[in-house]
Amino acid sequence: DAGITQSPRHKVTETGTPVTLRCHQTENHRYMYWYRQDPGHGLRLIHYSYGVKDTDKGEVSDGYSVSRSKTEDFLLTLESATSSQTSVYFCAITATEQNTEAFFGQGTRLTVV
Amino acid sequence: AQSVTQPDIHITVSEGASLELRCNYSYGATPYLFWYVQSPGQGLQLLLKYFSGDTLVQGIKGFEAEFKRSQSSFNLRKPSVHWSDAAEYFCAVAPSGGSYIPTFGRGTSLIVHP
């Protein structure tokens, strides 16, 4: 299994509070992604990174920010959590642009109350 | 931009029966195509992928998929389903040029009856 660790695995937070989710990889892969998974929507891309300090937005980026200061870590921050951000969040990595087989973490279940 | 359609939200089959999960994509050229499986509470695992060449692709766990350019389809098949195959299945497409970022379908939930 690819070395991808997401933390925390579960979190309950209150509306309006900031939340940071962490994705840590030991594969030295260049590309990292944050997806959210919701019933009926599959996986939707929030943000992605193509290198240290290089990030870009996905299709559902509003309300989220990311940072990548090291190859191995990709952080997803909800600046002010809302109930609509209750979801399961997955981190994924790919090795190169052409090798687009994605490896996934086990997910973080976030509940905003 | 590319898109993926999985028309079946749920599929129910009996153990030992054959399976076909449908996937259609929209993209201007031949994309990279993938099928992933997700067991409850787990992340996604790659079943198989198509980049080029032989349009019939073999994957893990006895699955195969066939790329049909004329139909823009990449359907997943298995000749005999096992109870352990019950899971969520996702089709994904990535551009063969440009960003290479994969886009996922909404998923098909497979239910297996004994």
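Each value, and the rule that gives it
Residues numbered from 1 in each chain as written. Chains lettered and ligands numbered in written order. Predicted model: local features only at pLDDT ≥ 70, side-chain atom pairs only at ≥ 80, totals over all residues. Heavy atoms only, no water. Contact = heavy atoms within 4.5 Å. Buried area = accessible area lost by both parts, 1.4 Å probe. Salt bridge = Lys/Arg side-chain N within 4 Å of Asp/Glu carboxyl O. Polar contact = N/O pair within 3.5 Å; in protein donor to acceptor, adjacent residues only side chain to side chain. Helix = DSSP H or I, 4+ residues; strand = E, 2+ residues; numbered from the N terminus. Nonpolar A, V, L, I, M, F, W, Y, C, P; charged D, E, K, R; others polar. pLDDT = per-residue confidence, 0-100. Buried < 20%, exposed > 50% of the residue type's maximum accessible area, 1.4 Å probe, protein only. Pairing = 2+ DSSP bridges. Disulfide = S-S within 2.5 Å.

Undergrad: Would you take a moment to explain the interface of chain B and chain A for this structure?
TA: Taken together, the contact pairs 19 residues of chain B with 20 residues of chain A. Carbon and sulfur atoms supply 56% of the area that chain B and chain A bury against each other, a total of about 1,700 Å² over both sides. Applying the counting criterion to the chain B and chain A interface returns zero salt bridges. The interface formed by chain B and chain A holds five residue pairs in polar contact (both at pLDDT 80 or more) in total. Contributing elements (two or more residues each) for the side of chain B that touches chain A: β5 (32-38), β6 (44-50) and β10 (87-94) of chain B. No other element matches the four residues that β5(B) contributes to the side of chain B that touches chain A. Classifying every residue of the side of chain B that touches chain A gives twelve nonpolar, five polar and two charged.

Undergrad: I keep staring at the confidence of the model for chain B and nothing clicks. Help me out?
TA: Atom-level detail of predicted coordinates should not be read off regions where pLDDT is low. Scored by pLDDT, chain B comes out at a mean of 92, with 97% of its residues at no less than 70. Strand β11 (residues 103-104) of chain B is the least confidently modelled element of chain B, averaging 90 in pLDDT, while strand β9 (residues 73-78) of chain B averages 98, the highest of any element.

Undergrad: Which parts of the structure should I look at to understand the pattern of salt bridges?
TA: Pairing of side chains with opposite charge becomes possible as their charged atoms draw close. All names here are of chain A. Tallying each qualifying case throughout the model produces eight salt bridges over all chains. Here Asp 73 ties to Arg 22 by a salt bridge, and the two come within 3.1 Å at their closest N and O atoms. Here Asp 73, found in strand β8 (residues 73-78), pairs with Arg 22, found in strand β3 (residues 19-25); they are 51 residues apart in sequence, far enough to count as distant. We classify Arg 22 as partly exposed; its relative accessible area is 33%. A salt bridge links Asp 38 to Arg 36, with the shortest nitrogen-to-oxygen separation between them at 2.8 Å. Take Arg 36: its relative accessible area is 8%, and that puts it in the buried class. Each of Arg 22, Lys 70 and Asp 73 takes part in salt bridges that share partners, so that together they form one network.

Undergrad: I'm lost on the pairing of strand β8 (residues 64-68) of chain B in this one. Help?
TA: Consecutive residues of a regular strand have side chains that alternate between opposite faces of the sheet. All names here are of chain B. Residues Ala 65 and Phe 67 point to one face of β8 and are all buried, whereas Glu 64, Glu 66 and Lys 68, pointing to the other face, are not buried. Note that strand β7 (residues 56-58) and β8 share three bridges and pair antiparallel. Paired with Gln 58 across the bridge in β8 is Glu 64.

Undergrad: How should I be thinking about the state of the cysteines in this particular structure?
TA: Each disulfide consists of a covalent bond between the sulfur atoms of two cysteine residues. Applying the stated criterion across every chain, the model contains two disulfides over all chains. A sulfur-sulfur distance of 1.9 Å marks the disulfide that ties Cys23(A) to Cys91(A). In this structure, the disulfide formed by Cys23(A) and Cys91(A) twists by about -70° around the S-S bond and is classed as left-handed. Residue Cys23(A) is found in strand β3, and its partner Cys91(A) is found in strand β9 (residues 87-94); the two are separated by 68 residues along the sequence. For Cys23(A), a relative accessible area of 0% translates into the label buried. Residue Cys91(A) is classed as buried on the basis of its relative accessible area, which comes to 0%. The partner cysteine of Cys23(B) in its disulfide is Cys91(B), sulfur to sulfur 1.9 Å. Taking the torsion about the sulfur-sulfur bond, which here is approximately -65°, the covalent link between Cys23(B) and Cys91(B) counts as left-handed.

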